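# Fold and contact review
So you can see what is in the structure, the chains are spelled out below.
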Amino acid sequence: MTLLICQFLAIWNFSVRTKLTAFNKSSIEALSLCIKASHKFKLQAFTWINRQKVPFDKFGEVPLKNGK
């Protein structure tokens, strides 16, 4: 909500506009670093079927065992 108000204020106030632009640039930088760092980790996703731990395949689906 605060960012929305700042965007409306930035139309008339140059000081708010420059600070909002700097905030947006730093947010983009931080998010891009998070995305780059997350590619290094392998997700260990799994589910429980009949009290056995079954991992998801690379497409996010549960592999079928014995055609079931």
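This text goes with the structure placed above it.
Think of each chain on its own: its residues are numbered from 1, step by step along the sequence as written. Given that this is a predicted model, residues contribute local features only at a pLDDT of at least 70 and side-chain atom pairs are listed and counted only at 80 or more, while totals for whole chains, interfaces and linings are drawn from all residues. Working from all heavy atoms in the structure, the side-chain values ignore hydrogens and water.

## Things to note about a nonpolar patch on the surface
How we decide: Patches in this entry comprise residues that are over 30% relatively accessible and not in a salt bridge; like charges within 9 Å are linked, as are nonpolar side chains (Val, Leu, Ile, Met, Phe, Trp, Tyr) within 5 Å. Residue burial considers only the protein chains on display, and all accessible areas are found by Shrake-Rupley using a 1.4 Å probe. By convention in these notes, a salt bridge is any Lys or Arg side-chain nitrogen within 4 Å of a carboxyl oxygen on Asp or Glu. Labels follow the DSSP assignment, with helices taken as runs of H or I lasting at least four residues and strands as runs of E lasting at least two, numbered in each case from the N terminus. Relative accessibility thresholds used throughout: buried, under 20% of the residue-type maximum; exposed, over 50%; partly exposed, between the two (1.4 Å probe, protein chains only).
Residues Met1, Leu4, Ile5, Phe8, Leu9, Ile11 and Trp12 make up a contiguous nonpolar surface patch of about 860 Å² in total accessible area. Its location among the elements puts Phe8 in helix H1 (residues 2-9). A residue is classified by how much of its surface remains accessible, and Phe8, at 51% relative accessible area, is exposed.

## Here we look at the pairing of strand S1 (residues 46-49)
Selection rule: A pair of strands is treated as paired once DSSP finds two or more bridges between them.
Where S1 meets strand S2 (residues 52-55), four bridges bridge the pair, whose relative direction is antiparallel. Along S2, the bridge assignment pairs Thr47 with Val54. The hairpin turn running from S1 into S2, its antiparallel successor, is two residues long, and Asn50 in that turn takes a positive phi close to 50°.

## Points about the packing of H1 against helix H2 (residues 14-38)
Quick note on the threshold: Angles run from 0 to 180 degrees between N-to-C directions of axes, and those axes are lines fitted to C-alpha atoms, restricted for helices to the stretch in contact. An angle below 35 degrees is treated as roughly parallel, one above 145 as roughly antiparallel, one from 65 to 115 as roughly perpendicular, and anything else as oblique. If you view the pair so one helix is near and one far, a crossing is left-handed when the near helix is turned anticlockwise from the far one by less than a right angle, and right-handed when it is turned clockwise. Any two residues having at least one pair of non-hydrogen atoms within 4.5 Å are treated as being in contact. Gly falls in the polar group here, along with every residue not listed as nonpolar (Ala, Val, Leu, Ile, Met, Phe, Trp, Tyr, Cys, Pro) or charged (Asp, Glu, Lys, Arg).
The N-to-C vectors of H1 and H2 enclose an angle of 135°; their axes lie 9 Å apart at closest approach. It follows that H1 is oblique to H2 by the angle criterion. Seen along the crossing, H1 lies across H2 with a hand that is left-handed. Contacts from Leu3, Cys6, Gln7 and Leu9 of H1 reach H2 at Val16, Leu20 and Phe23. Taken together, the residues of the contact of H1 with H2 sort by class into six nonpolar, one polar and no charged.

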